[in-house]
Amino acid sequence: VSHPKIMVRVRDGAQTAISECQFQFKNDRWNCSTADKLFQKSVTEQIRLVRSSSREAAFAHAITSAAVTYEVTRACSRGHLIECSCDGRKRGSSKDNTGKFEWGGCSDDVQFGMSVAEEFIDANEIAQHDGRAIMNLHNNRAGRKTVKAFKKRKCKCHGATDTCPLRTCWEELDEFRLTGNYLKRKYDGAVRVTVRQGSREMTLHTTVSSHKPPTKRDLVYLEDSPNYCIRSEATGSLGTSGRECNLTSKGIDGCALLCCGRGHDTSRVTRTRKCNCRFHFCCEIRCKLCTETLDVYTCKPELGQEEPTRQTVSSS
Ligand SMILES: *[C@@H]1O[C@H](CO)[C@@H](O)[C@H](O)[C@H]1NC(C)=O
Ligand SMILES: *[C@@H]1O[C@H](CO)[C@@H](O)[C@H](O)[C@H]1NC(C)=O
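Rules and cut-offs
- Residues numbered from 1 in each chain as written.
- Chains lettered and ligands numbered in written order.
- Predicted model: local features only at pLDDT ≥ 70, side-chain atom pairs only at ≥ 80, totals over all residues.
- Heavy atoms only, no water.
- Patch = residues over 30% accessible without salt bridge, like charges linked within 9 Å, V, L, I, M, F, W, Y side chains within 5 Å.
- Areas by Shrake-Rupley, 256 points an atom, 1.4 Å probe, with all protein chains shown as cover.
- Salt bridge = Lys/Arg side-chain N within 4 Å of Asp/Glu carboxyl O.
- Helix = DSSP H or I, 4+ residues; strand = E, 2+ residues; numbered from the N terminus.
- Pairing = 2+ DSSP bridges.
- Axes fitted to C-alpha atoms, helices over the stretch in contact; angles between N-to-C directions.
- Parallel < 35°, antiparallel > 145°, perpendicular 65-115°, else oblique.
- Contact = heavy atoms within 4.5 Å.
- Nonpolar A, V, L, I, M, F, W, Y, C, P; charged D, E, K, R; others polar.

Describe in detail a nonpolar patch on the surface, supporting the description with residues and values.
Taken together, the side chains of Phe279, Phe281 and Ile285 make up a nonpolar region of the molecular surface, amounting to roughly 440 Å² of accessible area. Here Phe281 is to be found in the loop between strand 11 (264–280) and strand 12 (284–299).

Explain the sheet that holds strand 4 (residues 166–173) to me, using residue names and the numbers behind them.
Strand order in the open sheet formed by 4 strands is 1-2-4-3, with mixed pairing between adjacent strands. The outermost strands of the open sheet, each flanked by one partner alone, are strand 1 (93–96) and strand 3 (151–158). Here the strands of the sheet are splayed against their neighbours by 45 degrees on average, with no regard to which way each runs. Bridging between strand 1 and strand 2 (residues 99–103) involves 4 bridges; their strand directions are antiparallel. Bridging from a neighbouring strand, Lys95 pairs with Lys100 of strand 2.

Hey, could you go over the packing of helix 1 (residues 4–24) against helix 5 (residues 110–126) for me, with residue numbers and the actual values?
Axis separation between helix 1 and helix 5 bottoms out at 12 Å; the angle between their running directions is 85 degrees. Taken as axis vectors, helix 1 and helix 5 run roughly perpendicular relative to one another. Seen from helix 1, the contacting residues are Ile6, Met7 and Val10; seen from helix 5, they are Phe112, Val116 and Phe120. Residues that form the contact of helix 1 with helix 5 fall into these classes: 6 nonpolar, no polar and no charged.

Written as structure tokens, this is what we have:
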């Protein structure tokens, strides 16, 4: 598939992937910013550049592959692409637990979206034949499968509304946020694996032999994450210096954990935002501007990052 219009949707997918990644990780030490920089290059370049095999790379691959599947599929249903349209298999009558219905309207052809994502994104790995390629292919597929799992059936009644004598239904992909939430949970529970050369192909195995092998929708990774507390060009970590943190939270977004024990600075800022928005008939939304003064907490810089502080090396 090299049709220019499809390439536009693939790029849309990369954009969707960045926004979702940044949303899911806004409170974490790794906030998807390295991916952000990479995503501004073409998707192919990005995938080649995220060549590390940490669980963050696993998430980046899965969400990109998922978002491309999603955007291509939705573009098909909207009639934006000549290569595809609605799912032609959803025709005739069928049954669900409410009873009989007719397929009608436009069902999303997720199979087409998956094949484009597979052809386009997996292509970067096929030629590699190394452990990382096997890891990436697994995570790409997990992303595509997740999108497919979040389909919802919508139905319409025709005729007398209370009896619903004729029901037509179609299936569409649910909002992408659900895929993002699911993949974030899979990231939290990602499975560490090793790759072994079998007689015919390389296969994934858990590093702890008592653990269950990864399922097709698990995210897998090969090596530990770099230390995201510290800025390092080598690992692509931006560190957490200057990140806004939550003073009261005990979670990773709290100042204690997000700032990695370096402490935080407090500043009083005045922010203006839209508030008391009202809908006026028809069709306008009018808001007031509210000004609020609040304390903002940001992580202190790393030692030696801003003002050179004398560092004492403990020799105990
Ligand atoms: C992520 O964190 C870095 C610094 O730690 C910051 O420069 C960047 O703006 C953050 N990105 C987002 C999307 O919040
Ligand atoms: C900070 O964390 C607390 C506790 O988790 C939460 O209730 C509060 O809404 C958070 N504040 C902000 C500004 O996110």
